[in-house]
Amino acid sequence: MTNEAKPRVYDVLARAFIQEGVSTCFTLMGDANMNWAARLAQQGCRMVYVRHEHCAVAAAMAYARKTSEVGVATVTCGPGVTQLITALPAAVRAHLPLVVFAGEAPLKSSWYNQGIDQAPMIKATGADYHPLHLPERMPIAIRDAFLQARRERRPVVIGIPFDLQERAWEGPSMLPTPSRELLPRPSPIPPHPDDVASAATLVAAAQRVVVFAGLGAVEAQAGAACRALAAKTGGLLATTLPARGLFHDDLYCIGIAGSFTPEVGLEYLAEADLVIAVGGSLAYHAGGGGQLWRNAKMLHIDIDPRAVRQGQEVARHHLRADARLGVEALTAALPARSHMWRTEAMASRIRDSKPDSQVFEIESGLLDPRDCVEALENALPADWELVNSSGHCSWFFAQMPSRPQERFLSIREFGAIGNGISFAMGVAAARPDRTVVLFDGDGSLMMHVQELETIKRHGMNILIVLINDGAYGSEVHKLRSEGMPEDGSVFGRPDFAAIARGFGLEGKTFKSLTDLPKLVQAFAKSGGAAVWDFHVSDKVLSPTIRRAHPPGKHAKA
Ligand SMILES: Cc1ncc(C[n+]2csc(CCOP(=O)(O)OP(=O)(O)O)c2C)c(N)n1
Ligand SMILES: [Mg+2]
């Protein structure tokens, strides 16, 4: 057999990815990954060709969260890899399993323009990096990267010099056993009876209980068990931001507990004497940095219960268990109680209260972001997928209490702006049969606005709702509070509708909400992609900003 007729290393590596069950790959090509990517596409993998490498990884993150599969992206070596330094830490902190196929500079050259020491850069993000330099072992190393990504729930980047990828394949013709056949399938961990008994004593003695669920409760399908526990204790329910909507139709759910807690929720959380956190990692923002329930004890039910997290003491009482099994055992061990904290009056208040009732003077011709979100909450069909982005405005669009958790995505762990459009693309790829609605800020959208072209080219069904204050709202409110000049944070409003049309999308500017229901109906019929630019006032401050950066603080200082 001549070398020409033999498969190349990249052919076999593409097959190894297909054998891993990879059906979608977020891709930006260069010399060091394009032949592999071309073969992957030929073998039936759907390729989403993005316009910036950051967006490949960020989209793969959302895809991984939505599908519970390993998200896959590919970038070329050198400048392709250096573009990943913001997305990877976000994926690490959000515990998302990813495999990134990266090229490396050719080994044969003593100098290569795009060469850079990739491993330390990637490892500094918290992701792992494996340079693969022995072709025969590469398929096994790829399989192991999938196993590692799943087990450690973090990104694994594999770097393969592109001269090695070009070589004729000299290894075995059989691929290794794929990772899904090797994965351990551990059963949910039941709680220890002694731990259940002490947790039950604690809960029975509490008067005002809040059951507070995180994504671990979602994954363990513990929603119904949490509702039953809250009902038996006569308490209330709340969730973290990413688990928002787990109890969307429960009368006693106060919404998000954390930086985005609605007004009534703040009041009730301050009254709580016990918070039972279920399946969450008790991150700093969940609980508002320890400020939301100052008088409450904390019981943490989790497979990895925590005492201290992100610099704070978080829980002194622990029940190690799968979220559902732990909550069910605790509920079963509780005596019936005569006094209930929850009352019908509380349920009515939760239902009828605005998330934030503060009154602001708004310039004419501009909208209140809270009205925009309320109108959208009423107008958008219940089965559309919502994606929450970043910035000051994210407080407002976190307040859509009728939406169920499975139609909602929020990944904010690294606090980076600019991810919304990629997350929306990841959800669109994971749920091609659904309409995706992205809520984003003007600054965040602008950071990766080039991806509008990707959305158009791939025919994605995405409605982008822009809460446009013409500024970096988070910055301008802080600067004003400090009495500092606003330069560099206020930009005005470019014509986003025209920008969208330039990329081939629909574009609309909203200065009134009157036609919104009609326009939503029309969009539901037409499908496609659009940017709806809501011009909002920068005079409306979220409660979080008002607390942390009160207006006029400098004058009082
Ligand atoms: C990658 C990155 N760069 C800068 C920041 C700092 N930052 C936080 S919020 C924000 C403003 C975002 O503006 P916009 O998307 O318009 O939302 P708004 O705050 O105006 O509602 C900036 C610049 C960041 N978090 N991440
Ligand atoms: Mg803004």
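Structure's up top.
Notes on the structure follow. (Residues numbered from 1 in each chain as written. Chains lettered and ligands numbered in written order. Predicted model: local features only at pLDDT ≥ 70, side-chain atom pairs only at ≥ 80, totals over all residues. Heavy atoms only, no water.)

**Observations concerning the coordination of the magnesium ion (ligand 2)**
Alright, step 1. Bound to the magnesium ion (ligand 2) are the protein donor atoms Asp442 (OD), Asp469 (OD) and Ala471 (O), situated 2.1 to 2.2 Å from the metal.
Alright, step 2. All donors of the magnesium ion (ligand 2) belong to a single chain; written as a sequence motif, their spacing is D-x26-D-x1-A. Of this pair, aspartate 442 sits in helix H19 (residues 442-447) while aspartate 469 sits in the loop between strand E18 (462-468) and helix H21 (473-482); the two residues are 27 residues apart in sequence, bridging distant segments of the chain. There is no split in this pair, since aspartate 442 and aspartate 469 are both buried. (Donors = N, O, S within 2.8 Å, 3.2 Å for Na, K, Ca; no water. Helix = DSSP H or I, 4+ residues; strand = E, 2+ residues; numbered from the N terminus. Buried < 20%, exposed > 50% of the residue type's maximum accessible area, 1.4 Å probe, protein only.)

**As for helix H14 (residues 323-333)**
Alright, step 1. If you check which residues of H14 are buried, you get Ala323, Gly326, Val327, Leu330 and Thr331. Take H14 and look down its axis: the buried residues cluster within an arc of 125 degrees, on one side only.
Alright, step 2. The secondary structure elements touched by the buried residues of H14 are helix H10 (193-205), helix H11 (215-219), helix H12 (223-233), strand E10 (274-278), strand E11 (297-302) and strand E14 (317-320).
Alright, step 3. Two or three places before arginine 324, at the start of H14, stands the capping residue aspartate 322, its side-chain oxygen 3.2 Å from that residue's backbone nitrogen. (Arc of directions from axis to C-beta. Contact = heavy atoms within 4.5 Å. Polar contact = N/O pair within 3.5 Å; in protein donor to acceptor, adjacent residues only side chain to side chain.)

**Observations regarding the nonpolar core**
Soluble, globular proteins show a tendency: their nonpolar side chains are buried together.
Alright, step 1. Membership of the largest hydrophobic core comes to 58 residues, with the highest contact counts inside it found for Phe26, Ile455, Ile462 and Ile464.
Alright, step 2. Among the elements that line this core, the one with the most residues is helix H3 (residues 53-67), at 10 residues.
Alright, step 3. In this view, phenylalanine 26 contacts Val48, Ala56, Ala59, Ala60, Tyr63, Val72, Ala73, Thr74, Met425, Gly426 and Ala429; residues no more than four positions away in its chain are not counted.
Alright, step 4. Of all hydrophobic cores here, the second largest spans 37 residues; its members include Cys393, Met400, Leu513 and Ile545. (Core = buried A, V, L, I, M, F, W, Y, C linked by side-chain atoms within 4.5 Å.)

**Let's talk about the side chain of aspartate 442**
Alright, step 1. Although buried, aspartate 442 forms no salt bridge, and the nearest oppositely charged side chain, arginine 493, lies 6.6 Å from it.
Alright, step 2. Separated by 3.3 Å, the side chain of aspartate 442 and the backbone nitrogen of glycine 470 make a polar contact.
Alright, step 3. Of note is the side chain of aspartate 442, whose polar atom sits 3.0 Å from the backbone nitrogen of alanine 471.
Alright, step 4. Discounting chain neighbours no more than four positions away, the residues touching aspartate 442 are Leu466, Ile467, Asn468, Asp469, Gly470, Ala471 and Phe496. (Lys, Arg positive; Asp, Glu negative; His and termini not counted. Salt bridge = Lys/Arg side-chain N within 4 Å of Asp/Glu carboxyl O.)

**Focus on unusual backbone geometry**
Alright, step 1. Of note in the backbone geometry, histidine 95 takes a positive phi value of approximately 55 degrees without being a glycine.
Alright, step 2. Mapping histidine 95 onto the fold places it in the loop between helix H5 (87-93) and strand E4 (98-104).
Alright, step 3. In this structure histidine 95 comes out as partly exposed when scored by relative accessible area, which is 38%.
Alright, step 4. Its identity as a non-glycine residue notwithstanding, leucine 282 has a phi of 55 degrees, on the positive side.
Alright, step 5. If you trace the backbone, leucine 282 turns up in the loop between E10 and E11.
Alright, step 6. For leucine 282, a relative accessible area of 6% puts it in the buried group.

**A word on the sheet that holds E18**
Alright, step 1. The sheet built from six strands is open, its strands ordered E16-E15-E17-E18-E20-E19 with parallel pairing. The strands lining the two open edges of the sheet, one partner per strand, are strand E16 (408-410) and strand E19 (506-510). Each strand of the sheet is rotated relative to its neighbour by a mean of 15 degrees, with strand direction disregarded.
Alright, step 2. By the bridge criterion, five bridges tie E19 to strand E20 (residues 530-535) in an arrangement that is parallel. By the bridge assignment, glutamate 506 is partnered in E20 with alanine 530.
Alright, step 3. On the sheet, H3 packs against strand E15 (385-388) and E16 and is oriented at approximately 135 degrees with respect to E16.
Alright, step 4. Helix H16 (residues 369-379) rests against strand E17 (436-441), E18 and E20 of the sheet, and its axis sits at about 160 degrees to E18. (Pairing = 2+ DSSP bridges. Axes fitted to C-alpha atoms, helices over the stretch in contact; angles between N-to-C directions.)

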